[in-house]
Amino acid sequence: MAVILITGGARSGKSKRAETRTRAFPGQPVYVATAEAQDGEMEARIAKHRARRGTDWIEREVPLDLAAALVASDGGGARLVDCLTLWLSNLMHAGRDWEREVDALAATLSNLKSPVVLVTNEVGLGIVPDNALARSFRDAAGIMNQLVAAAADEVEFVVAGLPMKLK
Amino acid sequence: MAVILITGGARSGKSKRAETRTRAFPGQPVYVATAEAQDGEMEARIAKHRARRGTDWIEREVPLDLAAALVASDGGGARLVDCLTLWLSNLMHAGRDWEREVDALAATLSNLKSPVVLVTNEVGLGIVPDNALARSFRDAAGIMNQLVAAAADEVEFVVAGLPMKLK
Amino acid sequence: MAVILITGGARSGKSKRAETRTRAFPGQPVYVATAEAQDGEMEARIAKHRARRGTDWIEREVPLDLAAALVASDGGGARLVDCLTLWLSNLMHAGRDWEREVDALAATLSNLKSPVVLVTNEVGLGIVPDNALARSFRDAAGIMNQLVAAAADEVEFVVAGLPMKLK
């Protein structure tokens, strides 16, 4: 089934594009949020996304066990995962083996029946960050994006709300 | 009339590309600078741009009231606005309601007779900035770029001096 | 002969793409490393690249005199230069006149018999860096990328392992 990866910068219109692609599939859409509302800034963003999306989505909060959640929700409507970068950050904070988890996600994506639209961020196009932790994170994010893009049927890069087809 | 948005990173060749697009229209071109020469680094950059551009441009310094300036200069040659990111920064420093000003700009763009070429920056493709002010700015810049891109007839993304057509 | 520039963000799959493009040319490929293994982080990355690349490459360490090295190795197999951004950083640290060196490289590229594939980084798509040195570097990198792209026969922008043709 269709696996679609939507990548781009912060506030590039990735989530909106991903919602459009998800809604184009039949059935009730499933919103898989990797975010947990832990501060006001994040809460405000989550509320804004929900207001735009509408209330006809099934909502799931999945900060960590993404592959399992996609298997569990398979067979119904299309899933929108927003976003992989935050999921990666959650894995690292929880001390999980992110490389193993990313490999497992990529393998799972190839075996699903219902469509999945995944949102991710490009974070490696600025100046090299000063601190080693930020460098590790952007390396990991880049590796994750390559692996998920390789497993996807379609990949789009969104700039200023406009998608470019990469695959 | 033609509204063209040229986006890209720092030193990607955006301004040069925008000059080429502006010169392709008939009439005397108008250079709308949103920069004010406040320090040596900025002065040097302004002087360099002017030297490349040539002296046959009408020059306007418009740090804040961009929509009004585009209406006032309408009916003549094509306008080159360089750049929107700095305009946004000026609005914020001046305590203006940037969301209202960006909406007003987008509405104005749809009603002009003479062409407008607008330069903007992509600033959201690096690691999440440490400080909240920088995060707010990159969010605002991304939202502005999406709104102006939606109002534009053409959008180009410039990398290493080479344009990719987004719209 | 073919001059190919591969640009993209950190961990975008640029090096792998450049290896594929280099191997597609006949003859024994030459790996021109601009990196010197000065710390553990860099050593680990160099070792990883070498393991992926295979052992059938001629290897050269060229931190500074890149144009001369390309002339000296001309007439044999295709050269892979990885990467220009680090070369630029080396030139600056060594107190060289980087603008002159970049011009000389661009001029040299037009006169080679054997193919050259060059890897570079996009570093100007994040928030403006706080410190002046980082701003100077990203300006220089942007200028270099424009000049080398202008001298190249082909330019690709790699995102999530997937190339977009710019030229």
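Residues numbered from 1 in each chain as written. Chains lettered and ligands numbered in written order. Predicted model: local features only at pLDDT ≥ 70, side-chain atom pairs only at ≥ 80, totals over all residues. Heavy atoms only, no water.

Here we come to the overall build of chain A. Of regular secondary structure, chain A possesses six helices and seven strands. For chain A, the α and β elements follow one another from N to C terminus as β-α-β-α-β-α-β-α-α-β-α-β-β. Its C-alpha atoms give chain A a radius of gyration of 15 Å, within 12% of the compact-globule value 15 Å for 167 residues. Taken over the C-alpha atoms alone, chain A extends approximately 45 × 35 × 30 Å along its principal axes. (Helix = DSSP H or I, 4+ residues; strand = E, 2+ residues; numbered from the N terminus. Rg over C-alpha atoms; globule rule 2.2 N^0.38 Å.)

Our next topic: helix α5 (residues 98-109) of chain C. All names here are of chain C. For α5, spanning twelve residues, the distance from its first C-alpha to its last is 16 Å, which sits close to the expected 16 Å at 1.5 Å a residue. Among all positions in α5, only W98, E101, V102, L105, A106, T108 and L109 are buried. The buried side chains of α5 occupy one side of the element, clustering within an arc of 160° when seen end-on. Elements in contact with the buried residues of α5: β1 (3-8), α3 (66-72), α4 (84-93), β5 (116-119) and α6 (132-151). (Expected span 1.5 Å × (residues − 1). Buried < 20%, exposed > 50% of the residue type's maximum accessible area, 1.4 Å probe, protein only. Arc of directions from axis to C-beta. Contact = heavy atoms within 4.5 Å.)

For the pair chain C and chain A, the superposition axis carries a translation of 0.0 Å, the fit reaches an RMSD of 0.0 Å, and the rotation angle comes to 120°. Both copies of the chain, as the preceding transformation shows, are related through a three-fold rotation axis. Considering only C-alpha atoms, the residue of chain C closest to the rotation axis is G126 of chain C, which sits at 2.5 Å. (Least-squares fit on C-alpha atoms with pLDDT ≥ 70 in both.)

This brings us to the interface of chain C and chain A. Taken together, the contacts link 23 residues of chain C with 19 residues of chain A. In total, about 1,700 Å² of surface goes out of reach between chain C and chain A, with carbon and sulfur atoms giving 66% of it. A per-residue breakdown of the area chain C buries against chain A is headed by R11, A160 and L162 of chain C, which together make up 33% of the total. Summed over the shared surface of chain C and chain A, the result is one salt bridge. Taking the shortest distance from any N to any O, the salt bridge between R11 of chain C and D139 of chain A comes out at 3.7 Å. The interface formed by chain C and chain A holds five residue pairs in polar contact (both at pLDDT 80 or more) in total. At three residues, the largest contribution of residues to the side of chain C that touches chain A is made by α6 of chain C. Residues of the side of chain C that touches chain A, tallied by class, amount to eleven nonpolar, seven polar and five charged. (Buried area = accessible area lost by both parts, 1.4 Å probe. Salt bridge = Lys/Arg side-chain N within 4 Å of Asp/Glu carboxyl O. Polar contact = N/O pair within 3.5 Å; in protein donor to acceptor, adjacent residues only side chain to side chain. Nonpolar A, V, L, I, M, F, W, Y, C, P; charged D, E, K, R; others polar.)

With that settled, consider the layout of surface pockets. If you add up the space inside the second largest pocket, you get close to 240 Å³. Considering the residues around the second largest pocket, the lining is formed by M92, W98, R135, S136, D139, A140 and I143 of chain A together with R11, E41, A44, R45 and K48 of chain C. Sorting the residues of the lining of the second largest pocket by element identifies α6 (132-151) of chain A together with α2 (40-53) of chain C as the ones contributing at least two each. When grouped by side-chain class, the residues that make up the lining of the second largest pocket number five nonpolar, one polar and six charged. (1 Å grid on protein atoms, 1.4 Å probe; cavity = no way out; pocket = protein on both sides within 12 Å on 5 of 7 lines; lining within 4 Å. Points joined across faces, edges and corners; volume = space filled by probe spheres on them.)

Once that is clear, we can look at the packing of aromatic side chains. In this description, an aromatic ring pair is defined by two values, namely the gap between the centres and the angle between the planes. Residues and elements named next belong to chain A. In the structure shown here, the tally under the stated rule is six aromatic pairs over all chains. An angle of 85° between the planes, with centres 6.2 Å apart, marks the rings of Y31 and W57 as edge-to-face. In this pair, Y31 sits in strand β2 (residues 30-33) while W57 sits in the loop between α2 (40-53) and β3 (58-61), placing the two residues 26 residues apart along the sequence. For the residue pair Y31 and W57, the accessibility class agrees, reading buried in each case. R53 extends its terminal NZ or CZ atom over the ring of Y31, reaching a point 3.4 Å from the ring centre. One residue, R53, lies across the ring of W57, its end atom 5.9 Å from the ring centre. (Phe/Tyr/Trp six-rings, centres within 6.5 Å; stacked < 30°, edge-to-face > 60°. Lys NZ or Arg CZ within 6 Å of the ring centre and 35° of its normal.)

On to the nonpolar core, then. Counting residues in hydrophobic clusters, the biggest one holds 111 residues, and the most contacted among them are L84 and F157 of chain A, L84 and F157 of chain B together with L84 and F157 of chain C. The residues contacting L84 of chain C, other than those within four sequence positions of it, are L5, L66, L105, L118, V119, T120, M144 and V148 of chain C. (Core = buried A, V, L, I, M, F, W, Y, C linked by side-chain atoms within 4.5 Å.)

Across all of its chains, the model carries 36 salt bridges over all chains by this definition. A salt bridge links R79 of chain C to D74 of chain C; its shortest N-O distance comes to 2.9 Å. As far as the burial class goes, R79 of chain C and D74 of chain C line up, both buried. Here R96 of chain C and E101 of chain C are joined by a salt bridge, their closest N and O atoms 3.0 Å apart. Among the residues examined, E101 of chain C registers a relative accessible area of 16% and is labelled buried. Overlapping salt bridges, with partners in common, bring together R17, R21, E154, E156 and K165 of chain A in one network.

Moving on to the interface of chain B and chain C. The interface of chain B with chain C comprises 23 residues on the first partner and 19 residues on the second. Considering only the surface of chain B that becomes buried against chain C, R11, A160 and L162 of chain B emerge as the three largest contributors, covering 33% of it. Inspection of the chain B/chain C interface yields one salt bridge. Joining chain B to chain C, the criterion identifies five residue pairs in polar contact (both at pLDDT 80 or more). Considering every element that reaches the side of chain B that touches chain C, the biggest residue donor is helix α6 (residues 132-151) of chain B, with three residues. Taken together, the residues of the side of chain B that touches chain C sort by class into eleven nonpolar, seven polar and five charged.

The next thing to look at is the side chain of T22 of chain B. Within the element layout of this structure, T22 of chain B appears in helix α1 (residues 14-23). Ignoring any residue separated from it by four or fewer positions in sequence, one finds T22 of chain B in contact with P29, W57, A78, R79, L80 and V117 of chain B.

All names here are of chain A. In the numbering adopted here, UniProt assigns the feature "active site" (unreviewed entry) to H49. Relative to the helices and strands, H49 resides in helix α2. Residues within four places of H49 in sequence aside, it is in contact with S15, E19, Y31 and D82. (UniProt positions renumbered as here; feature names shortened; annotations may be inferred.)

What follows covers the packing of α1 of chain B against helix α2 (residues 40-53) of chain B. All names here are of chain B. As a packed pair, α1 and α2 sit with axes 11 Å apart at the nearest point and diverge in direction by 35°. The chirality of how α1 crosses α2 is right-handed. Each of S15, K16, E19 and R23 in α1 lies in contact with α2, whose residues at this interface are H49, R52 and R53. Taken together, the residues of the contact of α1 with α2 sort by class into no nonpolar, two polar and five charged. (Axes fitted to C-alpha atoms, helices over the stretch in contact; angles between N-to-C directions. Left-handed = near helix turned anticlockwise from the far one by under 90°.)

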